[in-house]
Amino acid sequence: MHITRVGFGAWAIGGGDWAVGWGAQDDNESIAAIRHAIARGINWVDTAAIYGLGHSEEIVRRALAGIPHSQRPYVFTKCGLVWDETDRHAAPRQVGAPASIRHEVEASLRRLNVERIDLYQMHWPAEDGTLLEAYWQTLLDLKQEGKVRAVGLSNHDAAQLELAESLGHVDTLQPPFSLIRRGVGAAELPWCHQHQTGVIVYSPMQAGLLSGRFNVERAQALPKDDWRSRNAEFTGNKLVANLKLADALRPVAERHDVSVAAVAVAWTLAWPGITGAIVGARSPEQVDGWLAAADLELSQDDMHEIAEAITATRAGSGPALPQA
């Protein structure tokens, strides 16, 4: 699959009525955002069964309804997080049992109303006692059976990638990666680059902190059903440092005549091994705010200027520049 450098992220559109929601969402606006992204040329949508406890996948289905198959984007989704049907706000369980994964893929196929999922990824390492070898082999089997086109791992480290690769090729890794959360730049990105494993990073704008439109007042006003209201990066000294880093991107954005958000996303795409970035939106206007990242090529001078800002603000952790 040849994918655009940015893809539509469907986490937020799952809504707020679950453990890691983004607050109440307007489903019609979400559908309009997806359709607008497709009209602007984006050719993949990333979702997961857990987002809104199935609701995000249903919104993706509604957004794609009526679009000719030849014009539809690739649809990526994930498995391995199982929720409690009796308590929507209970933390999901990280389950890798083969029977559970097979149940999940059938449920996702129904919700998405597709015959085959283009990319199916294990969302997190299992914590139910299932060995990585067992759940990864299940994903490889689903690919062999034609239920999914490609398989990958999300939120797995380099050692886990190496173990999975010994059983069958890891098509993709989906890690968190942004100017604030840079940890995978040390080991996982070089591993993927060496093994020709595609990388689609999530939260390249760190859940809005690097959008250029966030501030302390907005952070303090986040509703209780928005997971960010409970996240350390959105409070105290961390929030102050993160917002200073976002402000430091403004000169770069002005030079390239793009938004701060586009610079933040383009920074992730400048790292060797990165295939694409997942960027969320809840309205067509938000899509237009970061779409320029798909064509923005940051120079070495830009990258060094941003690295100096990372050092000066002490925001986040991890390497500030790609390894030589």
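Per an unreviewed UniProt entry, the protein goes by the name Aldo/keto reductase and belongs to Dyella flava.

S.K.: Would you explain the overall build of the protein in this entry?
M.R.: Each helix and strand in the protein was counted, giving twelve helices and ten strands. Computed over the C-alpha atoms, the radius of gyration of the protein is 19 Å, within 12% of the 20 Å expected from 2.2 N^0.38 for a compact globule of 324 residues. Buried residues in the protein amount to 55% of all 324 residues. Taking contacts inside the protein between residues at least 6 apart in sequence as the whole, the part at least 24 apart equals 77%. When the accessible surface of the protein is totalled, it reaches about 14,000 Å², and 49% of it is carbon and sulfur. Side chains of the protein carry 29 positive and 39 negative charges; the gap between the two charge centres is 3 Å.

S.K.: I keep staring at the UniProt feature "domain: NADP-dependent oxidoreductase" (unreviewed entry) in the protein and nothing clicks. Help me out?
M.R.: The UniProt record marks residues 6-309 with the feature "domain: NADP-dependent oxidoreductase" (unreviewed entry), using the residue numbering of this structure. Secondary structure content for residues 6-309 is 39% helix and 14% strand, and the end C-alpha separation is 24 Å.

S.K.: Would you mind going over the packing of aromatic side chains with me for this structure?
M.R.: Two numbers describe a pair of aromatic rings. These are the distance of the centres and the angle of the planes. A full pass over the atoms with the stated rule returns ten aromatic pairs. Taking the centre distance of 5.2 Å and the plane angle of 85° together, the rings of Phe177 and Trp271 count as edge-to-face. Taken together, the residues span a long stretch of sequence, with Phe177 in the loop between β8 (172-174) and α6 (188-195) and Trp271 in the loop between α10 (260-269) and β10 (276-280) at a distance of 94 residues. The residues Phe177 and Trp271 share a single accessibility class, namely buried.

S.K.: Explanation requested: the nonpolar core in the structure shown.
M.R.: Soluble globular proteins tend to bury their nonpolar side chains together. In this structure, Phe8 and Trp290 are the most contacted members of the largest nonpolar core, which totals 103 residues. For this core, the element with the most residues is α10, which contributes nine residues. Beyond its immediate chain neighbours, meaning those up to four positions away, Phe8 contacts Ile13, Ala33, Ile34, Ala37, Ile42, Trp44, Val45, Asp46, Ile278, Val279, Ala281 and Val287. Counting residues in hydrophobic clusters, the runner-up holds seven residues, among them Leu119, Ile200, Tyr202 and Ile278.

S.K.: When you look at the packing of helix α3 (residues 98-112) against helix α4 (residues 132-145) in this model, what are you seeing that I'm missing?
M.R.: The relative placement of two packed helices is expressed as an angle between their axes plus a distance between the axes. Contact geometry of α3 with α4 gives a least axis separation of 9 Å together with a crossing angle of 40°. Compared by their axis directions, α3 and α4 come out oblique. For α3 against α4, the interelement crossing comes out right-handed. Facing Pro98, Ile101, Arg102 and Val105 of α3, the residues of α4 in contact are Ala134, Tyr135, Thr138, Leu139, Asp141, Leu142 and Glu145. Taken together, the residues that form the contact of α3 with α4 break down as seven nonpolar, one polar and three charged.

S.K.: Mind showing me how you'd approach the pattern of salt bridges here?
M.R.: Any two side chains of opposite charge can pair if their charged atoms end up close together. The full count for this structure, using the stated rule, is twelve salt bridges. Across the pair Lys78 and Asp46 runs a salt bridge, and its minimum N-O distance is 2.8 Å. In this pair, Lys78 sits in strand β3 (residues 74-79) while Asp46 sits in strand β2 (residues 44-46), placing the two residues 32 residues apart along the sequence. Taken as a pair, Lys78 and Asp46 share a single burial class, namely buried. Between Arg102 and Glu145 there is a salt bridge whose closest N-O contact spans 2.7 Å. Here Arg102 is found in helix α3, whereas its partner Glu145 is found in helix α4, with 43 residues between them in sequence. Residue classification places Glu145 among the partly exposed positions, given a relative accessible area of 45%. Each of the salt bridges in this network shares a partner with another, and the network as a whole consists of Arg255, Asp302 and Glu305.

How each quantity is defined
Per-chain numbering applies: the sequence of each chain, read as written, is numbered from 1 onward. Residue-level local features of this predicted model are given only where pLDDT is at least 70; pairs of side-chain atoms are given and counted only at 80 or more, and the full residue set underlies all totals for whole chains, interfaces and linings. Side-chain calculation: all heavy atoms of the structure are included, whereas hydrogens and water are not. Each helix is a run of DSSP H or I of at least 4 residues and each strand a run of E of at least 2, with the numbering of both proceeding from the N terminus. Radius of gyration here is computed from C-alpha atoms only, and the compact-globule reference equals 2.2 Å multiplied by the residue count raised to the power 0.38. Exposure is judged per residue with a 1.4 Å probe applied to protein chains only, and the accessible area is read against the type maximum: over 50% gives exposed, under 20% gives buried, and values in between give partly exposed. Here, residues are in contact when the closest pair of their heavy atoms is within 4.5 Å. To measure how exposed things are, a 1.4 Å probe is used in the Shrake-Rupley method; for residues, cover is taken only from the protein chains shown. Two residue types count as positive, namely Lys and Arg, and two as negative, namely Asp and Glu; His and chain ends fall outside the count. Where a charge lies is defined by one atom per residue type: Lys uses NZ, Arg uses CZ, Asp uses CG and Glu uses CD. UniProt positions are given in the numbering used here, feature names are shortened, and annotations may be inferred rather than shown by experiment. Stacked, tilted and edge-to-face pairs are distinguished by plane angle, under 30 degrees for stacked and over 60 for edge-to-face with tilted covering the rest, among Phe, Tyr and Trp rings (Trp via its six-membered ring) whose centres lie within 6.5 Å. Nonpolar cores were defined as sets of buried Ala, Val, Leu, Ile, Met, Phe, Trp, Tyr and Cys residues, with membership established by side-chain atoms within 4.5 Å. Helix axes use the C-alpha atoms of the stretch in contact, all axes being lines fitted to C-alpha atoms, and the angles between their N-to-C directions lie in the range 0 to 180 degrees. Any angle that is under 35 degrees is reported as roughly parallel, and any over 145 degrees as roughly antiparallel; angles of 65 to 115 degrees are reported as roughly perpendicular and all others as oblique. Left-handed is the label given to a crossing in which the near helix is rotated counterclockwise from the far helix by less than a right angle, and right-handed is the label when the rotation is clockwise. When residues are grouped by polarity, Ala, Val, Leu, Ile, Met, Phe, Trp, Tyr, Cys and Pro land in nonpolar, Asp, Glu, Lys and Arg in charged, and all others, Gly among them, in polar. Salt bridge, as used here: a side-chain nitrogen of Lys or Arg that lies within 4 Å of a carboxyl oxygen of Asp or Glu.

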